[in-house]
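# A closer look at the structure
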Amino acid sequence: MAYKLAVVGAGLLGTRIAGELALQGCTVHVYDGSPLTLQTLHSIVDQQLQQLRDCGLLPPDQQLRGSVVPESILSGAVTDADIVFEAVTEDLGIKRGLFKDIASVCSKETILCTSTLSLALADVFADISSPEVGHKL
């Protein structure tokens, strides 16, 4: 069964998540609010894969088995997603607002994942109207 996967935030961590998932054969929809970031998404993922090859962590001929799809509209990336990976800046207000927006368009069955290292999950997911969505981590 193919899952619809989404990554929100195409910075260093978001592109690494998307690249790894695509390396494993998944199609990953990546949203970022910056058009420039989305324009460079594929080249960044390619650079990261080359770094893995150069370090001997991937065979020289290893290519992505899946694909990375840039999305300029949040709902385009997360609607009908089975799993959403959030990889934005470590700011509670930004994460809360983002998850509120994501939860408003995705299914109650969608698994929401956050990249937070220091914020309490209860705080990150506090504004979600269906709290069970945020507890599936």
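Placed above this text is the structure.
Right, let's walk through the structure included here. The shown structure was predicted, so the numbers you read here are calculated from the model rather than taken from an experiment.

## Concerning the overall build of the protein chain
- Looking only at helices and strands, the protein chain has seven helices and five strands in total.
- Walking the protein chain from its N terminus toward its C terminus, one meets helices and strands in the order β-α-β-α-α-β-α-β-α-β-α-α.
- The C-alpha radius of gyration of the protein chain comes to 15 Å, within 12% of the 14 Å expected for a compact globule of 137 residues.
- C-alpha extents for the protein chain along the principal axes are approximately 45 × 30 × 25 Å.

## Let's talk about unusual backbone geometry
- Although it is not a glycine, D80 adopts a positive phi angle of roughly 65°.
- Take D80: it is sitting in the loop between α4 (74–78) and β4 (83–86).
- In this structure D80 comes out as exposed when scored by relative accessible area, which is 61%.

## A look at the nonpolar core
- The biggest cluster of nonpolar side chains holds 17 residues, and the ones touching the most others in it are V8, L74, V78, V84, F99, I102 and L112.
- When residues of this core are traced back to their parent elements, those giving at least two are β1 (5–8), α4 and α5 (92–105).
- Excluding residues within four positions of it along the chain, V8 makes contact with Y31, L74, V78, V84, F85, E86, A87, V88, L98 and I102.
- One finds L5, L21, L41 and L49 within the second-largest nonpolar core, a separate group that totals 14 residues.

## What to know about the state of the cysteines
- Overall, the coordinates contain zero disulfides when judged by the stated rule.
- Free cysteine: C26, not disulfide-bonded; nearest cysteine sulfur from C113 at 13 Å.
- On the basis of relative accessibility, which here comes to 26%, the residue C26 falls in the partly exposed class.
- With no disulfide of its own, C106 has C113 as its nearest cysteine by sulfur position, at a separation of 11 Å.

## Here we look at the pattern of salt bridges
- Under the definition given, this model contains three salt bridges.
- One salt bridge in this structure joins E86 and K95, with 2.4 Å as the shortest N-O distance. K95 shares its class with E86; the two are buried.
- When the shortest N-O distance is used, the salt bridge between E90 and K95 registers 3.7 Å.
- Given a relative accessible area of 0%, K95 falls into the buried group.

## What to know about helix α1 (residues 12–23)
- Taking 1.5 Å of rise per residue, twelve residues should cover 16 Å, and α1 covers 16 Å from first to last C-alpha, within 8% of that figure.
- Buried within α1 we find G14, T15, A18, G19, L21, A22 and L23.
- Where α1 is buried, its residues meet β1, β2 (27–31), α3 (41–54), β3 (67–71) and β4.
- Looking one or two residues beyond α1, the residue adopting positive phi is G25, at roughly 105°.

## As for the environment of G14
- With respect to the helices and strands, the residue G14 is situated in helix α1.
- With 17 residues separating them along the chain, G14 and Y31 place their C-alpha atoms 9.3 Å apart.
- If we ignore the near neighbours within four places in the chain, the residues touching G14 are V7, G9 and A87.

Rules of the game
- Residues numbered from 1 in each chain as written.
- Predicted model: local features only at pLDDT ≥ 70, side-chain atom pairs only at ≥ 80, totals over all residues.
- Heavy atoms only, no water.
- Helix = DSSP H or I, 4+ residues; strand = E, 2+ residues; numbered from the N terminus.
- Rg over C-alpha atoms; globule rule 2.2 N^0.38 Å.
- Buried < 20%, exposed > 50% of the residue type's maximum accessible area, 1.4 Å probe, protein only.
- Core = buried A, V, L, I, M, F, W, Y, C linked by side-chain atoms within 4.5 Å.
- Contact = heavy atoms within 4.5 Å.
- Disulfide = S-S within 2.5 Å.
- Salt bridge = Lys/Arg side-chain N within 4 Å of Asp/Glu carboxyl O.
- Expected span 1.5 Å × (residues − 1).

Worth remembering: the numbers are spatial, not functional.
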